[in-house]
Amino acid sequence: MSTPVKDTSVDLRSPRWDQATLVGRLKHFMAITDPSLLLKSEKELEEAVHVVEAYRRGEELEDYSEEQLWAAKHLVDSAIHPDTGEKMWWLGRMSCQVPAGMLITGAMLAWYRTFAAVLFWQWVNQSFNAVVNYTNRNAKSTITDRQVAAAYTSATAGATAMALSFRRFTKVSIAFFTPCV
């Protein structure tokens, strides 16, 4: 039987698990980055926000167990920006990082044979990384649009240049080492 939240003292200002231990940090990270959180509806997110805010105001939540309260907190932490309080775009959430990153990595591995394909998929990968980084940024520190554009351009250009250089290097090295095998 689950314990009603009114009978417990849950500190929602701190993570559920001890962050001084590796296992605690791993559990916290896995709870916040769970890809199934992307499948939650707008209504479920709004309810989770309401529940967490009500609990923080000291209201008793008789219909919620401690486990349900933590599930609501993890959904809020995964979808609502901690600095701005705004809902984050789904593609930029950390819970989207693994599934989207796997798809992009798979595409990069599948379509690498042409210059255009490498260029395109490196751009997609760096753009996705930029979206995730911007969405999860520290919104309290000021950063101009120009700084964001410069960071995006330099990261994309650097990654693309490295990928194309590595592609060229492997073609040359394979030709060089083939007679030795």
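Notes on the structure in this doc start here. (Residues numbered from 1 in each chain as written. Predicted model: local features only at pLDDT ≥ 70, side-chain atom pairs only at ≥ 80, totals over all residues. Heavy atoms only, no water.)

Within the protein, the secondary structure is distributed over 6 helices and 0 strands. What you see in the protein, going N to C, is helices and strands ordered as α-α-α-α-α-α. A compact globule built from 181 residues would reach a C-alpha radius of gyration of about 16 Å, whereas the protein, at 22 Å, exceeds it by more than 25%. Taken along the three principal axes of its C-alpha coordinates, the protein extends 75 × 45 × 30 Å. Out of the 181 residues belonging to the protein, those deemed buried represent 30%. In the protein, once contacts between residues fewer than 6 apart in sequence are set aside, the share between residues at least 24 apart is 72%. Across the protein, the mean location of the 19 positive side-chain charges is 15 Å away from that of the 19 negative side-chain charges. (Helix = DSSP H or I, 4+ residues; strand = E, 2+ residues; numbered from the N terminus. Rg over C-alpha atoms; globule rule 2.2 N^0.38 Å. Buried < 20%, exposed > 50% of the residue type's maximum accessible area, 1.4 Å probe, protein only. Contact = heavy atoms within 4.5 Å. Lys, Arg positive; Asp, Glu negative; His and termini not counted. Charge placed at Lys NZ, Arg CZ, Asp CG, Glu CD.)

Before going further, it helps to spend a moment on the pattern of salt bridges. Applying the stated criterion to the full structure yields 5 salt bridges. Between Glu67 and Arg16 there is a salt bridge, with the nearest N and O atoms lying 2.7 Å from each other. In this pair, Glu67 is assigned in helix α3 (residues 66-79) and Arg16 in the segment before α1 (22-32), connecting sequence segments 51 residues apart. Here Lys87 ties to Glu42 by a salt bridge, and the two come within 2.5 Å at their closest N and O atoms. Within this pair, whereas Lys87 is found in the loop between α3 and α4 (97-110), its partner Glu42 is found in helix α2 (residues 42-56), the two being separated by 45 residues in sequence. (Salt bridge = Lys/Arg side-chain N within 4 Å of Asp/Glu carboxyl O.)

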